[in-house]
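# Per-entry structural report
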Amino acid sequence: MENKTLTELTVELKSKKISSSELTKYYLEKIKKYDPRLNSFITLTEEFALKKASQIDTEISKGNFKPLSGIPIAQKDIFCTKGVRTTCGSKMLSNFISPYDATVIRKLNEAGTVMIGKTNMDEFAMGSSNETSYFGTVKNPWDLERVPGGSSGGSAACVSAGLAPCATGTDTGGSIRQPASLTGICGLKPTYGRVSRYGMIAFASSLDQAGVFAKTAEDCALLLTHMSGYDEQDSTSSRESVPNYLQECKAEFKGMKIGIPKEFLEGLDHDVHLIFDEAVKQLEKVNCKIVEISLKSSKLGVSAYQVVAPAECSSNLSRYDGVRFGHRTKDAENIIELYKKSRSEGFGDEVKRRILVGTYALSAGYYDAYYIKAQKIRSLISREFKEAFDKVDLIIGPTTPDVAFKLGEKLNDPIAMYLSDIFTVSTNLAGLPAISIPMGMKKNLPTGLQIIGGHFQESKLLSLAHEFQKMTDWHLQKPDNQKWI
Amino acid sequence: MDKETVSKIANLANIELDDSKVNEVVNNLEKILKLVDEMNSVDTSNLNPMSHPLNLKQELRDDIVLEPNQRELFQENSPNSHDGYYIVPKIID
């Protein structure tokens with residue numbers, strides 16, 4: 001069952017070859033069997049899922065079929081889900097029951113998906129290894145001693161291990177693409193504003209964007225079609241019309257001009273470089289013209305990101321005060337102590353670190369030197385991308401400088417951790433869409449190919465990803481779950 | 001970055017730091033600021049700051065009530081509320 005694409009599953013559901021209840025039970029059983037070692041879920045929504053699956057089956061028997069009717073999906077625990085605990089990987093929200101659904105959740109529910117659980121993540125999406133979660137580290141299904149990447153590590157790990165056919169994620173600096181790369185699946189970060197941020201717990205509002213994980217580019221295209229669109233509840237969502245991404249990604253491929261930024265090949269692991277070169281050769285076979293380009297300022301992406309993201313996070317996370325919702329200290333004599341103790345007990349070390357950096361960057365006397373300077377670097381990075389897209393259709397490179405690192409390896413070295421996002425952050429600063437797809441294995445560990453497009457060029461990058469997957473079978477490789485039970 | 005600055009910003013952010021962790025925090029923030037300072041390697045005097053990737057204008061709508069009042073529902077998540085009020089320690093002596 002798990003080797004089938006979402007498109008194939010919807011065909012089988014529609015023709016009643018399988019029922020949504022059967023499919024949902026199949027995945028729930030797999031989660032119970034394998035997830036105790038993986039820890040990819042924070043909350044399993046079994047009762048909710050079985051009830052919804054049974055309703056969908058009744059609907060299907062009446063001939064009412066929606067585009068994703070009966071498809072099980074894992075939701076990152078950053079999305080508010082009505083009546084279901086929504087923790088954002090933090091002690092701060094460990095008891096928070098959302099009173100409403102995020103727009104992403106509502107749209108996917110309306111399209112017929114069945115939520116099977118909420119996935120583990122770095123606390124408030126701040127991390128690249130899933131080690132900052134209050135609910136414990138997620139393991140990489142390819143090697144349980146390695147990280148799955150982050151922050152959407154739970155979503156990536158569960159799809160990679162076949163515990164869910166697809167999952168949602170969010171990407172502020174690489175949080176979909178980096179874990180997709182390290183776990184050997186596809187992860188799509190759409191253009192900023194393509195998908196509504198309403199009900200998606202805020203980290204850095206000018207960078208945050210929701211996206212998806214699946215096994216194939218086609219599946220990503222199908223899901224994106226049903227998540228996207230303008231939303232009155234999010235004034236930064238875009239009014240750009242939503243095409244049928246699935247149809248567009250499968251349309252006849254006529255070749256493209258593709259740029260490789262030389263900066264994306266610097267500091268790259270030797271084996272990953274060789275794997276990338278092989279991937280490029282595949283693309284040349286299908287009439288892709290490859291040219292070298294330069295994105296000189298992309299090297300400054302991590303520096304600018306480490307100002308913009310903490311600054312926005314320090315503002316966004318000021319709402320957690322222990323008064324209206326979230327963790328409250330048991331031991332406060334006055335209101336200031338209530339704020340301070342609730343926040344200090346509720347947030348983990350990495351979240352506190354970023355709040356401090358952000359508060360510093362925004363404080364009197366430093367605002368121009370840090371925040372304004374970072375926004376100017378952002379303009380520069382954005383302009384270089386724009387100039388590049390005047391010459392090429394898409395930009396490619398490896399998603400990460402190396403394969404998954406060992407658990408604990410970078411946990412006490414924030415700079416090393418931040419630099420693992422070096423190839424992904426620039427696209428967030430410029431608001432561009434990008435996908436990571438499997439491109440080869442280094443010693444039984446996956447590597448990812450990143451494809452970046454201009455604003456709202458999702459169809460183009462999905463089309464190239466789909467073409468690559470027609471020629472290769474890296475996306476079909478699976479970790480051996482039997483090894484770890 | 002020094003201990004005094006760190007305690008000042010921690011105070012602004014309403015965060016308490018364990019004495020045992022202050023040195024580590026100072027050390028890490030120093031490293032982060034060093035990384036951030038790489039931004040100064042380029043001249044940006046002719047550039048405008050970019051606050052939003054799509055240069056969108058803030059959307060406005062008519063000032064009419066769209067959502068029903070759901071105070072009770074929202075207060076179910078409150079650590080301590082009573083009769084529609086949030087209960088906190090005494091603010092004025």
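The structure this text deals with has already been given above.
First things first, this report covers the structure right here in the doc. (Residues numbered from 1 in each chain as written. Chains lettered and ligands numbered in written order. Predicted model: local features only at pLDDT ≥ 70, side-chain atom pairs only at ≥ 80, totals over all residues. Heavy atoms only, no water.)

## Things to note about the pairing of strand β6 (residues 210–214) of chain A
Residues and elements named next belong to chain A. Put simply, the test is: Classification of residues uses two cut-offs on accessible area relative to the type maximum, computed with a 1.4 Å probe and protein chains only: under 20% is buried, over 50% is exposed, and between them is partly exposed. Strands are runs of DSSP state E lasting at least two residues, helices are runs of H or I lasting at least four, and both sets are numbered from the N terminus onward. Pairing between strands requires that DSSP locate at least two bridges from one strand to the other.
For β6, the buried fraction is high: 5 of the 5 residues fall into the buried class. In β6, alternate side chains face the same way, and those of A210, V212 and A214 on one face and G211 and F213 on the other are all buried. Inspection of the sheet shows strand β5 (residues 186–189) paired to β6 by 3 bridges, in the antiparallel sense. Bridge pairing in β6 links C186 to A214.

## Thoughts on the layout of surface pockets
Residue and element names in this part refer to chain A. Just so we agree on the cut-off: A pocket here means an open set of points on a 1 Å grid, computed over the protein atoms alone, that has protein on both sides within 12 Å along at least five of seven lines. A cavity is instead a set of points where a 1.4 Å probe fits but cannot get out; residues with an atom within 4 Å of a point line either one. Grid points are joined across faces, edges and corners, and a volume is the space filled by probe spheres set on the points. Only Asp, Glu, Lys and Arg are considered charged, only Ala, Val, Leu, Ile, Met, Phe, Trp, Tyr, Cys and Pro nonpolar, and every remaining residue, Gly among them, polar.
Empty space within the largest pocket amounts to approximately 720 Å³. What lines the largest pocket is a set of 26 residues, among which C80, Y100, Y198, G199 and R319 lie closest to the centre. Among the residues forming the lining of the largest pocket, the class breakdown is 13 nonpolar, 6 polar and 7 charged. Here the second largest pocket is characterised by a volume of approximately 380 Å³. Forming the boundary of the second largest pocket are 18 residues, of which S382, F385, K386, L432 and H455 lie nearest the centre. Residue contributions to the lining of the second largest pocket peak at 6 residues, all from helix α13 (residues 367–391). Class assignment of the residues belonging to the lining of the second largest pocket gives a composition of 8 nonpolar, 6 polar and 4 charged.

## A closer look at the packing of helix α9 (residues 270–285) of chain A against helix α16 (residues 458–471) of chain A
Packed helix pairs are characterised by how far apart their axes lie and by the angle those axes make with each other. All names here are of chain A. Worth spelling out the cut-off: Orientation is described by axes fitted as lines to C-alpha atoms, over the contacting stretch for helices, and by angles from 0 to 180 degrees between their N-to-C directions. Any angle that falls under 35 degrees is termed roughly parallel, while one over 145 is termed roughly antiparallel, one within 65 to 115 roughly perpendicular, and all others oblique. The contact rule is simple, with two residues in contact once any of their heavy atoms fall within 4.5 Å.
As a packed pair, α9 and α16 sit with axes 10 Å apart at the nearest point and diverge in direction by 100 degrees. Taken together, the axes of α9 and α16 are roughly perpendicular relative to one another. Taking contact as the criterion, the partners of A279, Q282 and L283 in α9 are, on α16, L464, F468 and M471. The residue inventory of the contact of α9 with α16, partitioned by class, reads 5 nonpolar, 1 polar and no charged.

## Thoughts on the environment of I396 of chain A
Residues and elements named next belong to chain A. Mapped onto the elements of the fold, I396 is located in strand β9 (residues 394–398). Separated by 39 residues in sequence, I396 and I435 have C-alpha atoms that sit 9.7 Å apart. If we skip the residues at most four places from it in the chain, I396 touches I258, G259, I260, P261, F264, F276, V280, L283, L449, Q450, I451 and L464.

## Considering the interface of chain B and chain A
Formally: What counts as buried area is the accessible surface, traced by a 1.4 Å probe, that two parts surrender upon association, with contributions from both included. Salt bridges are identified by distance alone: a Lys or Arg side-chain nitrogen within 4 Å of an Asp or Glu carboxyl oxygen.
Taken residue by residue, the interface counts 52 residues in chain B and 67 residues in chain A. Carbon and sulfur atoms make up 66% of the area that chain B and chain A hide from each other, which totals about 5,100 Å². The largest contributions to the chain B side of the interface with chain A come from M39, M50 and N77 of chain B, which together make up 14% of the buried area. The tally of links between chain B and chain A comes to 2 salt bridges.

## Quick notes on unusual backbone geometry
Residue and element names in this part refer to chain A. With an omega dihedral of 10 degrees, the bond running from G150 to S151 counts as a cis peptide bond. Along the chain, S151 falls in the loop between β3 (114–119) and α5 (153–160). For C88, which is not a glycine, the phi torsion comes out positive at approximately 55 degrees. Following the sequence through the fold, C88 ends up in the loop between β2 (72–76) and α4 (103–110). You will see that F124, though not glycine, has its phi angle at about 50 degrees, which is positive. Relative to the helices and strands, F124 resides in the loop between β3 and α5. When its relative accessible area of 1% is taken as the criterion, F124 is described as buried.

## Details of the environment of M227 of chain A
All names here are of chain A. Tracing the chain through its elements places M227 in helix α7 (residues 217–227). Taking the relative accessible area as the measure of exposure, M227 reaches 1% and is therefore buried. With 32 residues separating them in the primary sequence, M227 and V195 have C-alpha atoms 6.3 Å apart. Not counting chain neighbours up to four residues away, the residues in contact with M227 comprise V104, K107, L108, V195, A210, G211 and V212.

## Considering helix α2 (residues 20–38) of chain A
Residue and element names in this part refer to chain A. Let me state the cut-off plainly: To estimate how far a helix should reach, multiply one less than its number of residues by 1.5 Å. Here the bend at a residue is taken as the angle between two axes, fitted respectively to the seven residues that end there and the seven that start there.
When the terminal C-alpha atoms of α2 are compared, their 25 Å separation across 19 residues agrees well with the 27 Å that a helix rising 1.5 Å per residue should span. The axis of α2 is deflected most strongly, by about 40 degrees, at K32, and proline P36 appears within four residues downstream. Where α2 is concerned, the buried positions are S20, S21, L23, T24, Y27, L28, K30, I31, Y34, D35 and L38. On the buried face of α2, the contacting elements are α1 (6–14), β1 (41–44), α3 (46–61), β2, β3 and α5. Note on α2: the residue one or two positions beyond its end, N39, has a positive phi of about 65 degrees.

## Examining the pairing of β9 of chain A
Residue and element names in this part refer to chain A. Burial runs high along β9: 5 of the 5 residues are buried. Bridge count for strand β7 (residues 256–261) against β9 is 2 bridges, and the pairing is parallel. By the bridge assignment, G259 is partnered in β9 with I395. Note: β9 against strand β11 (residues 445–452), 4 bridges, orientation antiparallel. Of the residues in β11, the one forming a bridge with I396 is I451.

## Focus: empty space enclosed by the protein
Residues and elements named next belong to chain A. With the rule as written, the count across this model stands at 2 cavities of 30 Å³ or more. What lines the largest cavity is A125, G127, S128, G173, G174, S175, F203, Y305, Q306, R354, Y418 and D421. Classifying every residue of the lining of the largest cavity by side-chain character gives 4 nonpolar, 6 polar and 2 charged. Lining the second largest cavity are E2, K4, L6, Y27, G162, A164, P165, K215 and D219. A class-by-class count of the residues in the lining of the second largest cavity yields 4 nonpolar, 1 polar and 4 charged.

## Details of the packing of α7 of chain A against α16 of chain A
Residues and elements named next belong to chain A. At a closest axis distance of 8 Å, the pairing of α7 and α16 adopts a crossing angle of 155 degrees. Compared by their axis directions, α7 and α16 come out roughly antiparallel. Listed contacts from α16 to A217, E218, C220, A221 and L224 of α7 are E458, L462, A465, H466 and Q469.

Everything listed is a geometric property; what it means functionally is a separate question.
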